[in-house]
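The primary structure of each chain is shown beneath.
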Amino acid sequence: MRLDKYLKVSRLIKRRTVANEVCDAKKVTVNGKIARASYDVKVGDIIEIQMGENLLKAQVLAVNEYATKSDAGLMYKLL
């Protein structure tokens, strides 16, 4: 699954367009490397998102095409 879609489905970022813009601004790293929106997310990846002064770091636990609001939190673990 594409990184921008994963960020939206897992609800780490609310909208896919915003996720795409954050990736384009080089504010997202995966496993320590700057990632593009088209990066293919895999289980075990460490995603870091720089939003202003906040740094969000999460490990991918599952990659699901769809997730309900209650299941979205099970797709990652905050570090």
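Note: the structure precedes this text.
Notes on the structure in this doc start here. (Residues numbered from 1 in each chain as written. Predicted model: local features only at pLDDT ≥ 70, side-chain atom pairs only at ≥ 80, totals over all residues. Heavy atoms only, no water.)

## Quick look at the overall build of the chain
If you tally the helices and strands in the chain, you get three helices and five strands. Listed N to C, the secondary structure of the chain is α-α-β-β-β-β-α-β in terms of helices and strands. Computed over the C-alpha atoms, the radius of gyration of the chain is 11 Å, within 12% of the 12 Å expected from 2.2 N^0.38 for a compact globule of 79 residues. Seen through its C-alpha atoms, the chain measures out along the principal axes to roughly 30 × 25 × 25 Å. Here the chain, with 79 residues, has 34% of them falling under the buried criterion. Intrachain contacts of the chain at a sequence separation of at least 6 include 36% that bridge at least 24 residues. Counting only carbon and sulfur atoms, one obtains 50% of the accessible surface of the chain, whose full area is about 5100 Å². (Helix = DSSP H or I, 4+ residues; strand = E, 2+ residues; numbered from the N terminus. Rg over C-alpha atoms; globule rule 2.2 N^0.38 Å. Buried < 20%, exposed > 50% of the residue type's maximum accessible area, 1.4 Å probe, protein only. Contact = heavy atoms within 4.5 Å. Areas by Shrake-Rupley, 256 points an atom, 1.4 Å probe, with all protein chains shown as cover.)

## Here we look at the sheet that holds strand β4 (residues 54–60)
One open sheet holds the five strands; their spatial order is β2-β1-β3-β4-β5, and the pairing between them is antiparallel. The open sheet is flanked by β2 (33–34) and β5 (76–78), the only strands paired with a single partner. Note: strand β1 (residues 28–30) against strand β3 (residues 46–51), three bridges, orientation antiparallel. Bridged to V28 within β3 is I49. (Pairing = 2+ DSSP bridges.)

That is the geometry; function is a separate question.
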